[in-house]
Amino acid sequence: MGSIASEERTVTGWAARDADGHLSPYTYTLRKTGPEDVLVKVLYCGICHTDIHQAKNHLGASKYPMVPGHEVVGEVVEVGGEVSKYSAGDVVGVGVIVGCCRECRPCKASVEQYCNKRIWSYNDVYTDGRPTQGGFSSAMVVDQKFVVRIPAGLAPEQAAPLLCAGVTVYSPLKHFGLMSPGLRGGILGLGGVGHMGVKVAKSMGHHVTVISSSGKKRAEAMDDLGADAYLVSSDADQMAAAADSLDYVIDTVPVKHPLEPYLSLLKMDGKLVLMGVIGEPLSFVSPMVMLGRKSITGSFIGSMEETEEVLKFCVEKGLTSQIEVVKMDYLNEALERLERNDVRYRFVVDVAGSKIEDAA
Ligand SMILES: NC(=O)C1=CN([C@@H]2O[C@H](COP(=O)(O)OP(=O)(O)OC[C@H]3O[C@@H](n4cnc5c(N)ncnc54)[C@H](OP(=O)(O)O)[C@@H]3O)[C@@H](O)[C@H]2O)C=CC1
Ligand SMILES: O=C/C=C/c1ccc(O)c(O)c1
Ligand SMILES: [Zn+2]
Ligand SMILES: [Zn+2]
């Protein structure tokens, strides 16, 4: 493709058509590459549990056809006239949001993920009135503000999970002042986000306890990911022995669950950081937070600045994600396996290697 930002392009993505969440080839057009836009040929796209929530309408706001995928790594093919930071051939990333108002307090504070006018990379409507579509697609057109450069030293498939899972754990650790060495952290739910939580927290010098629904991941957590301790959440004796021991717990469980067992693990002033997208009320009794001045909070991905930071952090610390690379024709099976907790720890789809234009 050339350098003149002029044409709409027809691309092929894999879309869900209804709440059964099955994805199949879908052809649609991309907007012309505007002055501030970057046309990205998708190389790899990670599969996040949010893709299941969205494809299966767990939050009740899904619109179809929907092409999910928000851990996108690609190659710049074309840039608009006002784009100077990127040029054709650059390897770049795109994450969960692709637009914001630029005027509100979060936007002015460079935490644009908290803008109430944020535009999601899929299942949303862009400023031109078209549906946004995500990274399980041959290409995307994205405003340069929502594009990051993938640094040298990071393989593109390795970078993909950092664009959601990686920054999602990095951002609250930074924001809540939890980067100091020696802190004791808990990672509840050892999946895509959780395994990055173990790796990032260990790289910050924390003592890391994995809290899991089963004992199945114990050896991997300790030997491969470097966790210091492992608790099975249903083991009351183990949980009681660990009471009052953690400065924070990052809770990545994607379904309704009790909070009190994890509040019990926190020291005085400890923080329970909710990450899972759960459309049902969660409950706890007030003394669980009062008697220890504990906080329950939440955090949503990270800013574009933090996304650049976590990519650099991973290069500097030599951090890699643990991934299973699959082709696009395995996407539905991968989503099913993710939903039944059968992946170590992130699927990444080799989009460019899947010849998806031929499938449409
Ligand atoms: N706040 C934010 O910005 C973000 C939120 N999310 C959300 O975080 C949650 C986790 O995402 P992700 O890490 O991709 O998900 P994964 O499915 O990869 O991991 C979730 C982990 O939770 C544990 N778990 C406990 N109960 C269940 C259950 N019934 N079904 C499945 N897993 C269970 C499992 O760990 P174990 O075997 O150890 O029990 C599992 O590996 C999702 O709700 C996702 O939407 C994701 C990214 C960003
Ligand atoms: O995977 C990233 C998205 C997370 C997310 C968090 C909160 C929410 O309401 C969502 O719809 C998605
Ligand atoms: Zn995600
Ligand atoms: Zn804003």
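Source: prediction; values computed, not measured. (Residues numbered from 1 in each chain as written. Chains lettered and ligands numbered in written order. Predicted model: local features only at pLDDT ≥ 70, side-chain atom pairs only at ≥ 80, totals over all residues. Heavy atoms only, no water.)

Once that is clear, we can look at the UniProt feature "domain: Enoyl reductase (ER)" (unreviewed entry) in the protein chain. Under the UniProt annotation, the feature "domain: Enoyl reductase (ER)" (unreviewed entry) is placed at residues 21-349. Secondary structure across residues 21-349 divides into 25% helix and 26% strand, with the first and last C-alpha atoms of the span separated by 17 Å. (UniProt positions renumbered as here; feature names shortened; annotations may be inferred. Helix = DSSP H or I, 4+ residues; strand = E, 2+ residues; numbered from the N terminus.)

What follows concerns the environment of Ala241. By secondary structure assignment, the location of Ala241 is in helix 7 (residues 236-241). Ala241 gets classed as exposed once you look at its relative accessible area, which sits at 70%. Taking the C-alpha atoms as reference points, Ala241 and Met222, 19 residues apart in sequence, are found 19 Å from one another. (Buried < 20%, exposed > 50% of the residue type's maximum accessible area, 1.4 Å probe, protein only.)

Note on metal sites: the ideal angle is 109.5 degrees for four tetrahedral donors, and 90 or 180 degrees for six octahedral donors. Every protein donor of the zinc ion (ligand 3) is accounted for by Cys48 (SG), His70 (NE2) and Cys164 (SG), and the metal-donor separations fall at 2.0 to 2.3 Å. Read N to C, the donor residues that coordinate the zinc ion (ligand 3) are spaced as C-x21-H-x93-C. With a gap of 94 residues between them, His70 in the loop between helix 1 (49-55) and strand 4 (71-79) and Cys164 in the loop between helix 3 (156-159) and helix 4 (165-175) connect regions that are remote in the sequence. (Donors = N, O, S within 2.8 Å, 3.2 Å for Na, K, Ca; no water.)

One frequent convention defines the size of an interface as the accessible area lost when the parts assemble. When its domains are assigned, the protein chain resolves into domain 1 (10-164 + 320-350) and domain 2 (166-298). In this assembly, 16 residues from domain 1 lie in contact with 19 residues from domain 2. Counting across the domain 1 and domain 2 interface gives 1 salt bridge. Between Arg344 and Glu220 there is a salt bridge whose closest N-O contact spans 2.8 Å. At the boundary of domain 1 with domain 2, the tally comes to 12 residue pairs in polar contact (both at pLDDT 80 or more). Counting residues per element, the side of domain 1 that touches domain 2 draws most heavily on helix 1, which supplies 3 residues. (Domains from an automatic or database assignment. Contact = heavy atoms within 4.5 Å. Salt bridge = Lys/Arg side-chain N within 4 Å of Asp/Glu carboxyl O. Polar contact = N/O pair within 3.5 Å; in protein donor to acceptor, adjacent residues only side chain to side chain.)

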